[in-house]
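# Commentary on secondary and tertiary structure
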Amino acid sequence: MKNLTAHLNTTLSEAFANAGLETTHAAVVPSGRPELADYQCNGALALAKPMGKNPRELAETILAELKKADTEGAMFAELSIAGPGFINIKLSDAFLASHAHGLLTSPTLGFPRTEKPDTIILDYAGPNMGKPMHVGHLRPTIIGESLKRMLNFAGHNAQGDVHFGDWGMPMGMIIAELEHDHPEWPFFEEGKTEGFPTESPIDIDEIGAIYRKAAARGKEDEDVRRKARLTAAALQEEHPGYIALWKLLRGVSFESAKKNFLRLNATFELWLGESDVRQMLAPMIDELKDKKIAELDDGAIIIRFDEEKKMPPALIEKSDGGYTYATTDLATIKLRTEDYGTNRIIYIVDRRQSLHFQQVFESARMADYANYELTHAAIGTINGPDGTPLKSREGAPPKLDDLLNAAIDKAREKLPEVGSEKAEGFTQEDLDQLATEIGVATIKFQDLHNNRNTEYIFDLEQFSRFEGKTGPYLQYSVARINSIFEKAGLDVANKGAPIKVTHASERNLILSIANFTDALNRSIERYEPSALCEQVYTVAQKFSAFYNDCPILSTEDEAVKASRLTLAALTRAHQLVCLDLLGIAAPHKMLTR
Ligand code: ARG
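If you're wondering where the values come from, they're calculated on a predicted model, not measured in any experiment.

### Details of the layout of surface pockets
Taken as a whole, the largest pocket holds about 890 Å³ of empty space. If you go around the largest pocket, you meet 44 residues; those closest to its centre are N128, G165, W167, E274 and Y325. Within the residue set of the lining of the largest pocket, elements represented by two or more residues are β5 (119–124), α5 (135–153), α6 (169–181), α8 (222–236), α11 (325–340) and β10 (344–350). Here the residues of the lining of the largest pocket sort into 18 nonpolar, 14 polar and 12 charged.

Okay, structure coming up:
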């Protein structure tokens, strides 16, 4: 089925052409005065000036053509000219009703899937071994997951890659520190090449503690730093004991990250890390030197950019032989092109890394590793009340776990106790599950509805409310419809009854749902889930108005009642699709204290 605005634009184009006019401006926008019209077309105004014509007269000609084409009055209820020459368009009730039916029967709510699917890797989350995931990983994870879902919905082949930070100096620091504390471990036995333990000697918290201890000792002591550098270099040379230990620690870190992602409803198709390109690094640098893309500079190896790019050179090998964040990112692009057939990469990463990505993208172009679109979808920071990036009391970025727990606790405070009348039929487990779904939704929606590239202030109090522009309010919009159907003893999946428009609130609801395709397109084109957040929120509001103005179950007229139930089912389908694209759970039932 055709998208509503696309349909109107085609009709307008025909009218413009029949009036002998150029069609570039034959397009509708939502009306600035929704009480008068559904859409308006400003094309006559745009054309009049260069043609030296009177815009109202041009608008008259277009309007006449529109009326001629709509002989039966099937599409338009009212066409008029307003102000200096806008054409106001009000659609007929019958046309809207039939459009709503089309939406209900379309598996994509009318969204046209792409005919040219891209193979896309979305690079998001990027947790680092040795450091617990913190607030800085939260937004990229949430936004990246949502963008991936949208791209797949649109028909692309989009995969999420977690791009684990599991290589380089921090690994040297952790292993050197463990060797310092436990020189007797088999991993450190001179000349040993096999038969190492198969279980990690330490857990995730201990890995974090060791890393912090290594960093603190390294700050004070050059010897500690030198040992860490040597260890990192030996690891780079595949020292068997170090590699065996590193693999175990990496496994522990993966498991811990997976737990976080599970709570956040984020899934990754690819569990690759910086280390997966480790064997490509040396040959790649040789190749870049041969191609005269990389050059020696004071013992280090760098890539210089054209003057006009106004970028400092990228360091790809330090003078001590160590590789950098840019080296692994560059090699990862090569890997993705060669092994995964990727033809688009989107990095959902903190905007403070912009220069890094510009350098890596430009290097990849120079080296011909990617002749396709590389995008850094830059993410703004989450700030505390003082306007600087959120910090815990100790001054470090708060741990992701702690933030989620705080939001879940807040949600739990609002739920009834197990065994109470309001929690009838709910076990403690059900209530815990509900608190998690609501708590995570508050964080996620808050995050997604703010513009991706701007910062926002973390205010748990504000966004865990059940009303207003919050995650729980949207979850509630679905649960309410579930309960209407339950009361009626009807199956919500039954989409039979014809829709009859009898009230302005019904029109408004249909028009808001019909905007789905445009909103999703905006989100996809701009890497901006906030557009879809606006959409799902608007529909929730229009549904509330409809619910107030148009009684459903108490309506006597059976046909009107059935039509309203169908509208409720359509609303529910729309909300469920949107929430799923945003990665937000939709509990069947919401409870309050
Ligand atoms: N590990 C990095 C960090 O914590 C994020 C990785 C982003 N992805 C990438 N390909 N560089 O900042």
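### Quick look at the site of the ligand
By nearness alone, every residue bordering the ligand is listed as D123, G126, N128, H137, H163, Y325, D329, Y347, V349, Q353 and F357. In this structure, D123 approaches the ligand through a side-chain N or O atom, which is 2.9 Å from a nitrogen atom. At 2.9 Å from an oxygen atom of the ligand is found a side-chain nitrogen or oxygen belonging to Q353. Counting residues per element, the ones that place at least two in the shell around the ligand are α11 and β10. A breakdown of the residues in the shell around the ligand according to their chemical character gives four nonpolar, five polar and two charged.

### Quick notes on the pairing of strand β11 (residues 373–379)
Burial within β11 is extensive, with six of its seven residues counted as buried. Pairing analysis gives seven bridges linking β10 to β11, with the strands arranged parallel. Of the residues in β11, the one forming a bridge with Y347 is H376. Regarding topology, helix α12 (residues 354–366) serves as the crossover connection from β10 to the parallel β11, and that connection is right-handed.

### Things to note about the environment of L581
With respect to the helices and strands, the residue L581 is situated in helix α20 (residues 558–582). For the pair L581 and P397, spaced 184 residues apart in sequence, the C-alpha separation works out to 28 Å. Here L581 is in contact with S146, R149, M150, F153, F516, L520 and L532, once residues within four sequence places are set aside.

### Some remarks on the pattern of salt bridges
Applying the stated criterion to the full structure yields 36 salt bridges. For the salt bridge of R336 with D161, the shortest nitrogen-to-oxygen distance reads 2.8 Å. Of this pair, R336 sits in helix α11 while D161 is found in strand β6 (residues 157–161), placing the two residues 175 residues apart along the sequence. Per residue, the accessibility class of R336 equals that of D161, and both read buried. With a closest N to O distance of 3.5 Å, E417 and R593 form a salt bridge. Linking E417 in the loop between α13 (400–414) and α14 (428–449) with R593 in the segment after α20, this pair joins segments that are 176 residues apart in sequence.

### What to know about the sheet that holds strand β1 (residues 28–30)
Read from one edge of the open sheet, four strands run β1-β2-β4-β3, paired in antiparallel fashion. In this open sheet, the two edge strands, each paired with only one partner strand, are β1 and β3 (76–82). Going across the sheet, the axis of each strand differs from the next one's by a mean of 30°, ignoring polarity. In this sheet, strand β4 (residues 86–91) lies alongside strand β2 (residues 39–41) in antiparallel orientation, the contact comprising three bridges. Note that in β4 the partner of Q40 across the bridge is N88. Sheet strands in contact with helix α1 (residues 4–18) are β1, β2, β3 and β4, and its direction is about 35° off that of β2.

### Description of the pairing of β4
Two elements, β3 and β4, share six bridges in a ladder whose sense is antiparallel. Counted as the bridge partner of F76 is L91 from β4. Joining the antiparallel neighbours β3 and β4 is a turn of three residues, in which G83 adopts a positive phi near 50°.

### Considering empty space enclosed by the protein
Applying the stated criterion to the full structure yields one cavity of 30 Å³ or more. The space that makes up the largest cavity amounts to roughly 40 Å³. As for the largest cavity, its lining consists of K2, N3, L4, H99, L103, L109, G110, A514 and T517. Residues of the lining of the largest cavity, tallied by class, amount to four nonpolar, four polar and one charged.

### Some details on helix α9 (residues 240–264)
For α9, with 25 residues, the first-to-last C-alpha span of 36 Å sits near the 36 Å given by 1.5 Å per residue. Just downstream of α9 lies N265, where phi reads positive at about 65°.

### Overview of the sheet that holds β5
Ordered in space as β6-β5-β10-β11, the four strands form an open sheet in which the pairing is parallel. Two strands lie at the open edges of the sheet, namely β6 and β11, each paired on one side alone. Taken over all neighbouring pairs, the strand axes of this sheet differ in orientation by 20° on average, direction set aside. Bridging between β5 and β10 involves five bridges; their strand directions are parallel. Pairing of L122 across the sheet is with I346, part of β10. Where α11 meets the sheet, it contacts β5, β6, β10 and β11, and its direction lies at approximately 145° from that of β10.

### Observations regarding the nonpolar core
Core analysis: the biggest nonpolar cluster contains 191 residues, and L91, L288, I333 and F516 have the highest contact counts within it. Ranked by residues supplied to this core, first place goes to α9 with 12 residues. What L91 contacts, discounting residues up to four positions off in sequence, is L4, L8, D38, Y39, M75, F76, A77, L96, R507 and L511.

### Looking at the packing of aromatic side chains
The geometry of two aromatic rings is summed up by the distance between their centres and the angle between their planes. Inspection of the entire model under this criterion finds 20 aromatic pairs. Judged by centre distance (5.9 Å) and plane angle (80°), the ring pair of F268 and W271 falls under edge-to-face. Taking relative accessible area as the criterion, F268 reaches 9% and is therefore assigned buried. Ring pairing ties together the aromatic residues Y124, F164, F254, F261, F268 and W271, which thus form one cluster.

Rules and cut-offs
Residues numbered from 1 in each chain as written. Predicted model: local features only at pLDDT ≥ 70, side-chain atom pairs only at ≥ 80, totals over all residues. Heavy atoms only, no water. 1 Å grid on protein atoms, 1.4 Å probe; cavity = no way out; pocket = protein on both sides within 12 Å on 5 of 7 lines; lining within 4 Å. Points joined across faces, edges and corners; volume = space filled by probe spheres on them. Helix = DSSP H or I, 4+ residues; strand = E, 2+ residues; numbered from the N terminus. Nonpolar A, V, L, I, M, F, W, Y, C, P; charged D, E, K, R; others polar. Near = heavy atom within 4 Å. Polar contact = N/O pair within 3.5 Å; in protein donor to acceptor, adjacent residues only side chain to side chain. Buried < 20%, exposed > 50% of the residue type's maximum accessible area, 1.4 Å probe, protein only. Pairing = 2+ DSSP bridges. Right-handed = clockwise from strand over helix to strand, strands pointing away. Contact = heavy atoms within 4.5 Å. Salt bridge = Lys/Arg side-chain N within 4 Å of Asp/Glu carboxyl O. Axes fitted to C-alpha atoms, helices over the stretch in contact; angles between N-to-C directions. Expected span 1.5 Å × (residues − 1). Core = buried A, V, L, I, M, F, W, Y, C linked by side-chain atoms within 4.5 Å. Phe/Tyr/Trp six-rings, centres within 6.5 Å; stacked < 30°, edge-to-face > 60°.

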